[in-house]
Amino acid sequence: MIATWRRRSSPDIVQDDGPISIITNNEDEELSMRHFGALLTGRSPLCIRRDDMTGVPVASGVATARFTFRRRHLFWSVILGTSVSIQPRALAFLDRGGRMLLEHPIKRATGIHATYEEKTDKLCGVWRRVPREYKRILREGSLYVALIWGDERNNSMESALSGRINRYPALATEMFTSLLEPDHVPTSFSSGPCDEFRVPGKEEGWWGGTAVVTGAAGAAPSLHLAIVYNGVFMPAARDQSVRVLLTLPDRNQTIIDEVQKISKPGYELNVLEVSTPVSAAELRSLSRGRLLLSVEAMGTPDRRISGIVRQRAACEVFHAPLIAERLPAALIPQGLALVYIDKDGSLVYDIQVENLSIIDPKITLVEEQGKRHSQVEILDTRMGILARPSARIFPPLYEDQLAVHIGSDTGPPILRGRLLSRPLPDAASEGPSLLRRTDARMPPTINPVAGLAWIAIDVLCGLNYEVVVNGYAGSWTAWLEGNPNGPRILPGIEGSILEPSPSELLALNSGSAHLNIRTSDNDTEFLRTRLPQISVPPSCLPAGSYSDNELNSNYAQTHMNSPPPDNSLSNTASCYYAGKSYEDGSQWMAAESCHMCGCVHGALRCDAVRCPPVTCAVPTLRPPGQCCPICTNSTKAVWNESHGCHLAGQYHAPGSSWHPYLVPGGYDTCAICTCEFATRQVRCPRVRCPPLKCAEKDAYRPDKKACCRVCPEVKAKKTEEDTPRDQGTPRTAEEILAEGGCKFPDGPLPNGKEVHPSIHSHGEQRCVTCRCKDGEVTCIRKRCSRAACARRRRGDACCACARHRRQRAPPPPPPS
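In the annotation of an unreviewed UniProt entry, the entry for the protein reads Dorsal-ventral patterning protein Sog, and the organism field reads Danaus plexippus plexippus.

Encoded structure:
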């Protein structure tokens, strides 16, 4: 397939001394100074020097980097070529003279950061709060980036690979990238100081290139490639021709074969562009990493550079708070979605939902363009990897037009949220936290809202945050609760706190800090979350660290029953109470206040002691320090604090009875444990339930806390003469709910009742059956087996056949 191409009109793109710019027609994007790139090869004009002014040898290999300037921060990502066998110890920013401006250690962090780097083969980081002077250097094209190898213990510089950071507005539309490396390893490569061989025309080090690839799907799919490269020309070459090849090696198929004439080859960088129409199959092969890009100068095939086309190089994730489309009568569903693309081009996704009444919801990725919605993919699970996604998924994903819809097989979605891109945070974090709706304090007139929050601590001990709230039209403020002197307001939806207090850092490090969202009057809280455990650099924590999660006299009852952490990853925080540290999952008795306390993922939870009833033949004892009466069953019993019973690490006095306390569920009132006064043995019999006289599926609990299930009451039909005509008053909604009924959009449902739901503008949904049982509604849509789907008749309108895709289980968490 012969391709058409456009050449840059600027004659400066091949000059050695001037910065390189790939020009686009989007003037606003160019002026925003957001997107930059760098090619790191042995042909960089920069010579890095040590403190003794000796030159650092140039490392072998090729790498490429991408930079995004966002709110004073410069986010960076690096892809190392296969020629680089050892990971560098640091990434450094330098000026034109080789002066070090910033050195960022490259270490594998924990949490989502480590998982992302492992699954994408990228190095990710950020330069926080870039000074104004360095921003000017970046704008002028005089800022360089370098990868440094050496001993981490003494920060030595044994070798380095550098490149100039140039403005790349075309990266705003990049969907794929390629790192081009020499097909043949350079034979003459000096390992001496950089001064000895960086003379243009005499240097024979590593060369390479990188490509910015944009694919457009639709009725007429096409590809556009912007390639930055060097080293394919012979020394002192003039008027050379360059051949660009894009092939599908698996099928021995050529997609692009174009020859372009270069009048003045550049030593450091050259730029060319190629565009071509492609078929849908070729675009699909592109998205799955099966295409090979090659660049060579005519007559010098031994200097050819090539590389596989893969997903774009930026370190980014896509997130969305999932908002309820309508306000149901029961608990409002809520959730968040987090996705990213791995090195194989697969879609890694994690969708968290709560209060969803559907057991098997349909999760769909939908392209939203105005009022037109097009289904792109179906996800069979809430967490996993979608292998071989459709090529149609990438344009709307990168253009912020891809949304997650969750609902039933028919009707509008129950939850939805549009995926937005954000650079990967720099600090170790467990991912975004779901901001849960606090219905008790929500104004009744407010619409469904949803939100999520990112919190990270950088190496300079700064607190960096980003809060996303959807569905609330008014102004709001975010408050961080982690300081005993009061909460801290976080100004704006995104920002940094340069000097957080030691107590706040301790609370974040232990996973006991909270974040809440309030209305503009700072009076009404409508969203809240307990932040996951966030890694804080040890140098930022004060000596003799302590925690602020002790229970004091002002401990609020609402925090006693605080929910578990808002993430699905493990948390190994500890709790502090009355000057003592308790491990996660432990429990203890606060006898002075008669509260049973437990440590739930670093959060302190305390419940008032619940004493089971006792029946004694003789008067009971209430010894000092005990919260419940003790039954001795003996008139001669003498109280003795020793020789009691031990269970789950707790001491129980002889003759005492108690309900088991389970972390994090609380008291189990359906079991009563007793420390027998005579034998000092513990017995915990459960409440014995009478045998059921009905089928298991028909039994229900009279109320949510009932220990035994009962059968529905069967009333004998009365004749018309026996039925009193004045007793036909229907039950109220309160009576139905008190008997285990359920809230439902069409009205309260009695316990055990089955109905077909009705959707506005769609009518009754005969294919969906909702059943009320013990206060909870379960809705199931009729599904058919694969055999039934294969021979499905038109008359069976309720036969819903699931779409099965090749998916893998989620990756295991990285080792701690």
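Trainee: Teacher, can you tell me more about the overall build of the protein here?
Mentor: A count of helices and strands for the protein gives 9 helices and 52 strands. Expressed as a percentage of contacts within the protein between residues at least 6 apart in sequence, the contacts between residues at least 24 apart total 63%. For the protein, the exposed surface amounts to about 39,800 Å²; the carbon and sulfur share of it is 51%.

Trainee: Even after reading the chapter, I still don't get the state of the cysteines, so can you show me in this structure?
Mentor: By definition, a disulfide is the covalent link that joins the sulfur atoms of two cysteine residues. Overall, the coordinates contain 7 disulfides when judged by the stated rule. Through a disulfide, cysteine 689 is tied to cysteine 708; the S-S separation comes to 2.0 Å. The sign of the S-S torsion, about -85°, decides the handedness of the disulfide formed by cysteine 689 and cysteine 708: left-handed. Of this pair, cysteine 689 sits in the loop between strand 46 (682-683) and helix 8 (733-738) while cysteine 708 sits in the loop between strand 46 and helix 8; the two residues are 19 residues apart in sequence, bridging distant segments of the chain.

Trainee: Would you mind showing me how to read the packing of aromatic side chains here?
Mentor: For any pair of aromatic rings, the description consists of the separation of the ring centres together with the inter-plane angle of the planes. Evaluated as defined, the whole model comprises 9 aromatic pairs. Look at phenylalanine 176 and phenylalanine 394: their rings are 5.7 Å apart centre to centre, the planes differ by 65°, and that puts the pair in the edge-to-face class. Residue phenylalanine 176 is found in strand 10 (residues 176-182), and its partner phenylalanine 394 is found in helix 5 (residues 394-398); the two are separated by 218 residues along the sequence. Overall, phenylalanine 176 belongs to the buried group, its relative accessible area being 3%. Through a chain of ring-to-ring contacts, the aromatic side chains of Phe67, Phe93, Trp127 and Tyr134 assemble into a single cluster. Seen from the ring of tryptophan 454, arginine 422 lies directly overhead, with NZ or CZ sitting 4.9 Å from the centre. The side chain of arginine 518 reaches across the aromatic face of tryptophan 479, ending 4.3 Å from its centre.

Trainee: Would you explain the environment of proline 487 in this entry?
Mentor: By the element assignment, proline 487 lies in the loop between strand 30 (476-481) and strand 31 (488-490). Along the backbone, proline 487 and asparagine 516 are 29 residues apart, and their C-alpha atoms lie at a distance of 9.7 Å. Apart from the residues lying within four places of it in its own chain, the contact partners of proline 487 are Trp479, Leu480, Glu481 and Arg518.

Trainee: Help me understand the sheet that holds strand 5 (residues 100-105), please; the structure alone is not making it clear to me.
Mentor: Within a beta sheet, neighbouring strands are joined by backbone hydrogen bonds and run either parallel or antiparallel to one another. Taking strand neighbours across the sheet as the criterion, the 4 strands line up as 5-4-7-8 in an open arrangement whose pairing is antiparallel. Taken across any chain shown, the strands that pair with only one partner, and hence form the sheet edges, are strand 5 and strand 8 (159-164). Pairwise comparison of adjacent strand axes, ignoring direction, gives a mean angle of 20° for this sheet. Pairing geometry for strand 7 (residues 144-149) and strand 8, over 6 bridges, is antiparallel. Considered in strand 8, the bridge of tyrosine 144 is made with arginine 164.

Trainee: Looking at this structure, how should I read the pairing of strand 3 (residues 73-80)?
Mentor: Moving residue by residue along a regular strand, the side chains alternate between the two faces of the sheet. A large share of strand 3 lies buried, amounting to 7 of its 8 residues. As defined by bridge partners, strand 2 (residues 63-70) adjoins strand 3 across 8 bridges and the pair is classed as antiparallel. Within the sheet, the bridge partner assigned to alanine 65 lies in strand 3 and is valine 78. For strand 3 and strand 6 (residues 123-127), the ladder comprises 5 bridges, and the chain directions are antiparallel. Note on strand 6: the bridge partner recorded for tryptophan 76 is glycine 125.

Trainee: When you look at the environment of cysteine 708 in this model, what are you seeing that I'm missing?
Mentor: A residue is classified by how much of its surface remains accessible, and cysteine 708, at 17% relative accessible area, is buried. Considered as a pair, cysteine 708 and proline 690 are 18 residues apart in the sequence and their alpha carbons are 8.0 Å apart. With sequence-adjacent residues up to four places away left out, cysteine 708 is seen in contact with Val687, Arg688, Cys689, Pro690, Arg701 and Pro702.

Trainee: Can you walk me through the nonpolar core in this structure?
Mentor: Soluble, globular proteins show a tendency: their nonpolar side chains are buried together. Counting 60 residues, the largest nonpolar core has Ile227, Tyr229, Leu293, Ile351, Val404, Ile406 and Leu419 as its most contacted members. Both of domain 1 (28-311) and domain 2 (316-538) provide at least three residues apiece to this core. For leucine 419, the contacting residues outside a window of four places in its chain are Phe318, His319, Ala320, Ala337, Val339, Leu397, Asp400, Leu402, Ala403 and Val404. Ala59, Ala65, Phe69 and Val84 belong to the second-largest nonpolar core, a separate cluster that totals 31 residues.

Trainee: Before we go on, may I ask you to explain unusual backbone geometry in this structure?
Mentor: Note: most residues except glycine have negative phi, and most peptide bonds are trans. Although it is not a glycine, arginine 129 adopts a positive phi angle of roughly 50°. Given a relative accessible area of 16%, arginine 129 falls into the buried group. Here the phi dihedral of cysteine 461 falls at roughly 70°; this positive angle occurs in a residue that is not glycine. Along the chain, the position of cysteine 461 falls in the loop between strand 28 (450-457) and strand 29 (463-470).

Trainee: Help me out: how do you make sense of the sheet that holds strand 1 (residues 35-40) in this one?
Mentor: If you trace the 5 strands from one edge of the open sheet to the other, you get 6-3-2-1-9, paired in antiparallel fashion. Only two strands of the sheet have a single neighbouring strand rather than two, namely strand 6 and strand 9 (166-167). Of the pairings in the sheet, the one linking strand 1 to strand 9 comprises 2 bridges and is antiparallel in character. Within strand 9, the residue paired with phenylalanine 36 across the bridge is arginine 167. Sitting on the sheet, helix 3 (residues 132-140) is in contact with strand 1, strand 2, strand 3, strand 6 and strand 9, with an inclination near 125° to strand 2.

Trainee: Help me understand the pairing of strand 19 (residues 334-341) in this model?
Mentor: Of all the 8 residues making up strand 19, 8 are buried; the element is thus mostly covered by neighbouring parts of the structure. The two faces of strand 19 match: Gln334, Leu336, Leu338 and Tyr340 on one face and Gly335, Ala337, Val339 and Ile341 on the other face are all buried. In this sheet, strand 19 lies alongside strand 18 (residues 316-324) in antiparallel orientation, the contact comprising 5 bridges. Looking at the pairing, proline 321 lines up with leucine 336 of strand 19.

Trainee: Would you explain the confidence of the model for the protein in this entry?
Mentor: Of the residues in the protein, 76% have a pLDDT of 70 or more, and the chain-wide mean is 77. Within the protein, no element has a lower average pLDDT than helix 7 (residues 557-560), which sits at 34, and none a higher one than strand 7, at 95. Of the regions scoring below 50 in pLDDT, residues 545-572 engages in 66 contacts with residues more than four places distant in sequence or in other chains.

Trainee: Would you explain the pattern of salt bridges in this entry?
Mentor: Pairing between side chains of opposite charge can happen when their charged atoms approach one another. As enumerated under the stated definition, the model contains 23 salt bridges in all. A cluster of three or more residues bridged by salt bridges with shared partners is formed by Arg70, Arg422, Glu466 and Glu494.

Trainee: Teacher, can you tell me more about helix 3 here?
Mentor: Side chains of residues three or four places apart in an α-helix project in the same direction, reflecting 3.6 residues per turn. If you check which residues of helix 3 are buried, you get Tyr134, Ile137 and Leu138. Across the axial projection of helix 3, the buried residues extend over an arc of 100°, all falling on one side. Positive phi shows up at glycine 141, right after helix 3, with a value of about 80°.

Trainee: Is there a simple way to think about the side chain of serine 77 in this case?
Mentor: The residue serine 77 is located in strand 3 in this model. A relative accessible area of 2% places serine 77 in the buried class. Polar contacts involving the side chain of serine 77 include one to the main-chain carbonyl oxygen of alanine 313, which spans 2.8 Å.

Trainee: Help me understand helix 2 (residues 112-120), please; the structure alone is not making it clear to me.
Mentor: The buried fraction of helix 2 is high, at 7 of 9 residues. Those residues of helix 2 that fall on the buried side of the exposure criterion are Ile112, His113, Ala114, Thr115, Tyr116, Glu117 and Thr120. Buried residues belonging to helix 2 abut strand 6, strand 17 (305-311), strand 18, strand 19 and strand 28. Looking one or two places after helix 2, you find aspartate 121, whose phi comes out positive at around 60°.

Thresholds applied
Throughout, residues of each chain are indexed from 1 in the direction in which the sequence is written. Where local features are concerned, this predicted model is filtered to residues with pLDDT of at least 70; where side-chain atom pairs are given and counted, the filter is 80 or more; whole-chain, interface and lining totals use all residues. Note that water and hydrogens are dropped before the side-chain values are worked out from all heavy atoms of the structure. Working definition: helices are DSSP H or I runs of at least four residues, strands are E runs of at least two. Numbering for both runs from the N terminus. Here, residues are in contact when the closest pair of their heavy atoms is within 4.5 Å. Method for areas: the Shrake-Rupley scheme with a 1.4 Å probe, in which residue coverage is limited to the protein chains shown. Throughout, disulfides are identified as pairs of cysteine sulfur atoms within 2.5 Å of each other. Only Phe, Tyr and Trp rings take part, Trp by its six-membered ring, and two of them pair if their centres are within 6.5 Å. Stacked means planes under 30 degrees apart, edge-to-face means over 60, and tilted covers everything else. Throughout, exposure labels follow a simple rule: accessible area from a 1.4 Å probe, protein chains only, divided by the maximum for the residue type, with under 20% read as buried, over 50% as exposed, and the rest as partly exposed. Counted as over-ring charges are cases with an Arg CZ or a Lys NZ within 6 Å of the ring centre that also lie within 35 degrees of the ring normal. At least two DSSP bridges between two strands are required for those strands to pair. Simply put, an axis is a line fit to the C-alpha atoms, just over the touching stretch for a helix, and the angle between two N-to-C directions goes from 0 to 180 degrees. We call a set of buried Ala, Val, Leu, Ile, Met, Phe, Trp, Tyr and Cys residues a nonpolar core when their side-chain atoms join them within 4.5 Å. Annotation comment: domain bounds sourced from an automatic or database domain assignment. The predictor's confidence in any single residue is recorded as pLDDT, a number from 0 to 100. Salt bridges are defined as contacts in which a side-chain nitrogen from Lys or Arg sits within 4 Å of a carboxyl oxygen from Asp or Glu. Our arc is simply the arc of the directions from the helix axis toward the C-beta atoms. Whenever a nitrogen or oxygen atom comes within 3.5 Å of another N or O atom, the pair is scored as a polar contact, on the condition that within protein one atom can donate a hydrogen and the other can accept it, and that pairs from neighbouring residues in sequence are kept only if both atoms are in side chains.

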